[in-house]
Amino acid sequence: CLMAVSGKAAAFRLPPLPTVGEIIKLFRLKAQKQLSQNFLLDLRLTDKIVKQAGELRNAHVCEVGPGPGGITRSILSAGVEQLLLIEKDARFIPGLQILSEAAPGKVRIVHGDILTYKMEKAFPKHLKKNWEDEPPDIHIIGNLPFSVSTPLIIKWLENVSGKDGPFIYGRTQMTLTFQKEVAERLTANPGGKQRSRLSIMAQHLCTVEKCFVIPGQAFVPKPEVDVAVVHFTPLVQPKIQQPFQLVEKVVQSVFQFRRKYCFRGIATLFPESGRLERTEQLMKTANVDPTLRPYQLSMSQFRNLCDTYRKMCDEDPSLFVYNYREELRQKKMRRNSFKSTSQPEQTEEENQL
C-alpha cells in the first residue's frame, strides 16, 4: 500500500491544458522590454531548471515571476505539496489561474512585487528547521527579469546573513536564472576575470553552483545574452563572520578601483586625514599584500580585512559612518563655492582699475 501511495504522489500529472504558447496568444501577452521580460516556452528546459532544485516531491516552493507559467508547470509536475506564485505583472494572473484550477489546493497566487513581499509569512511554521540542520523542505525558484536579478540576490544574501526573510525557516535553497555574465561573477574564483563584489558577497554566505547555460534563442523574445541557472545553499557558518553592512562596505571599497592595486580601494575606507597611515595599518595587520589586484584576493584575505577593519571601527566608531564619496562631494562643493565667491571680487577689482 505504501508503495502504491508514493507511486501515486510521484505520478502527479496536470490534466490536458493549453500550451504556454497558446496561453500567450489567448491572453495576448507580450514581453515588455522595459521590464526585461523573456519567456521560456520549451518545457524540456523548464523541467531541467526545476531538476536543479533537487527533490521537490511534497516540498513547498515559491516561484518568483512565473509569467506565462512554463516553469510553474514543471514545478507542479514534480509533485510539490504547495506552490506560491508571486507575479508583479497583472496580465499573467488569468493564465496562472488556469494552472491553479488544474491543480486544486496546490497553488496560491500573489499579485505583488517580490522586492517588497514579506517572505517571513510565506510558508507554514511547522516547516522551520534549525540553521545547523539540513535545509528545510522549502525552495525558491525563478526565471528572474534581468533588471531585478542583482538587487534581489543582494537583498536575499542580506537575509541569509540575518537569518530572516525566506531564511527564517532555515537554510532555504534557491535556484535562479541570471545573465550568463552575472552568473560567472557569482561563481568566479580568486584570480578569475569575473571575480567581483558579487563573488565575495555570495560565496562567503552560500555554496554557489552554476548549473548550466541556456542559449538566448531558447527565450521569447530572444535576449542579446545567454542565461545561466545558479543554485544557492546557505552555509551553516559564513566565511566572514561580520555584519553584512560591514562586509559589503569593505568589499565594495576594495573593488572600487578594480584594475589598480588593492591598496588604492582599501584607502577609501578612511578619511583623508590619516588615510595613508591607517591603510598601511589595516593591510599590515590583515597580512594582505598591497600590490595584489582586488580580484586576486582570497576569501581568507577578505575575512582578515573585515575582521581588522571591525576592530578599528570599534576603537573609532566614526570610521564606519565615514563615506568616501560624500567626502569627495563636500570637497567639490567647497571648491565650487570658493570659485563663485572669488570671481565677483576679481570683477569688482577690475572695474575699480
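Quick caveat: nothing in here was measured; it's all calculated off a predicted structure.

**Considerations on a positive patch on the surface**
And then number 1: On the surface, a cluster of positive charge is made up of Lys118, Lys121, Lys125 and Lys128.
And then number 2: With respect to the helices, strands and loops of the structure, Lys125 is situated in the loop between strand S4 (107-111) and strand S5 (138-142).
And then number 3: Exposure remark for Lys125: the relative accessible area of 70% places this residue in the exposed category.

**Comments concerning the nonpolar core**
Looking at soluble globular proteins, one finds that nonpolar side chains tend to be buried together.
And then number 1: Core analysis: the biggest nonpolar cluster contains 65 residues, and Trp156, Leu176, Phe178, Phe232 and Leu305 have the highest contact counts within it.
And then number 2: Here this core spans two domains, and each of domain 1 (30-234) and domain 2 (244-338) adds at least three residues to it.
And then number 3: Excluding its chain neighbours within four sequence positions, the residues that come into contact with Phe232 are Ile153, Gln173, Met174, Leu176, Phe178, Leu186, Cys206, Thr207 and Val208.
And then number 4: The next biggest cluster of nonpolar side chains, apart from the first, holds 28 residues, and it includes Leu45, Leu76, Ala103 and Ala218.

**Some words on the pairing of strand S9 (residues 227-234)**
In the case of a regular strand, side chains alternate between the two sheet surfaces.
And then number 1: Along S9, eight of the eight residues are buried, which leaves the element largely enclosed by surrounding structure.
And then number 2: The side-chain alternation of S9 yields two buried faces, one formed by Val227, Val229, His231 and Thr233 and the other by Ala228, Val230, Phe232 and Pro234.
And then number 3: Strand direction decides the pairing type here: strand S7 (residues 206-214) and S9, joined by eight bridges, are antiparallel. When the sheet's bridge partners are listed, Val208 is paired in S9 with Phe232.

**Things to note about the pattern of salt bridges**
And then number 1: Enumeration over the complete set of coordinates arrives at ten salt bridges.
And then number 2: Residue Glu248 is joined to Arg197 by a salt bridge in which the shortest nitrogen-to-oxygen separation is 3.3 Å. Here Glu248 is found in helix H9 (residues 244-254), whereas its partner Arg197 is found in helix H8 (residues 197-203), with 51 residues between them in sequence.
And then number 3: A relative accessible area of 18% means that Glu248 is categorised as buried.
And then number 4: Arg197 sits in the partly exposed class, given a relative accessible area of 26%.
And then number 5: For the salt bridge of Arg329 with Glu326, the shortest nitrogen-to-oxygen distance reads 2.9 Å. Taken together, the positions of Arg329 and Glu326, both in helix H14 (residues 324-352) and three residues apart, correspond to about one turn of that helix.
And then number 6: For Arg329, a relative accessible area of 43% gives the class partly exposed.
And then number 7: Note on Glu326: relative accessible area 31%, which makes it partly exposed.

**So, helix H6 (residues 146-162)**
Helical geometry note: an α-helix holds 3.6 residues per turn, so side chains three or four residues apart project in the same direction.
And then number 1: The first and last C-alpha atoms of H6 sit 25 Å apart over 17 residues, in line with the 24 Å expected at 1.5 Å per residue.
And then number 2: Phe146, Val148, Ser149, Leu152, Ile153, Ile154, Trp156, Leu157, Asn159 and Val160 are the residues of H6 that are buried.
And then number 3: Looking one or two residues past H6, Lys163 carries a phi angle of roughly 55°, positive in sign.

**Some points on unusual backbone geometry**
And then number 1: Although it is not a glycine, Asn58 adopts a positive phi angle of roughly 65°.
And then number 2: Structurally, Asn58 can be placed in the loop between helix H3 (43-51) and strand S2 (60-64).
And then number 3: Although it is not a glycine, Lys163 adopts a positive phi angle of roughly 55°.
And then number 4: By the element assignment, Lys163 lies in the loop between H6 and strand S6 (173-179).

**Quick notes on the UniProt feature "binding site: S-adenosyl-L-methionine" (unreviewed entry) in the protein chain**
And then number 1: UniProt records the feature "binding site: S-adenosyl-L-methionine" (unreviewed entry) for Asn38, Leu40, Gly65, Glu87, Asp113 and Asn143 in the present numbering.
And then number 2: Mapped onto the secondary structure, Asn38 falls in the loop between helix H2 (20-26) and strand S1 (39-40).
And then number 3: Those residues in contact with Asn38 that sit more than four places away from it in its chain are Asn143, Phe146, Phe219, Val220, Pro221, Lys222 and Pro223.
And then number 4: For Asn143, the location among the structural elements is in the loop between S5 and H6.
And then number 5: Discounting residues that sit within four places of it in the chain, Asn143 has contacts with Asn38, Val64, Gly65, Ile71, Thr177 and Phe219.

**What about the sheet that holds S7?**
And then number 1: Across the sheet, seven strands lie side by side as S4-S3-S2-S5-S6-S9-S7; this open sheet has mixed pairing. Lying at the two open borders of the sheet, with one neighbouring strand each, are S4 and S7. In this sheet, adjacent strand axes meet at a mean angle of 20° when their direction is disregarded.
And then number 2: Of the strands in this sheet, S2, S5, S6, S7 and S9 touch H6, which is tilted by about 150° from S6.

Definitions and cut-offs
Residues numbered from 1 in each chain as written. Predicted model: local features only at pLDDT ≥ 70, side-chain atom pairs only at ≥ 80, totals over all residues. Heavy atoms only, no water. Patch = residues over 30% accessible without salt bridge, like charges linked within 9 Å, V, L, I, M, F, W, Y side chains within 5 Å. Areas by Shrake-Rupley, 256 points an atom, 1.4 Å probe, with all protein chains shown as cover. Salt bridge = Lys/Arg side-chain N within 4 Å of Asp/Glu carboxyl O. Lys, Arg positive; Asp, Glu negative; His and termini not counted. Charge placed at Lys NZ, Arg CZ, Asp CG, Glu CD. Helix = DSSP H or I, 4+ residues; strand = E, 2+ residues; numbered from the N terminus. Buried < 20%, exposed > 50% of the residue type's maximum accessible area, 1.4 Å probe, protein only. Core = buried A, V, L, I, M, F, W, Y, C linked by side-chain atoms within 4.5 Å. Domains from an automatic or database assignment. Contact = heavy atoms within 4.5 Å. Pairing = 2+ DSSP bridges. Expected span 1.5 Å × (residues − 1). UniProt positions renumbered as here; feature names shortened; annotations may be inferred. Axes fitted to C-alpha atoms, helices over the stretch in contact; angles between N-to-C directions.

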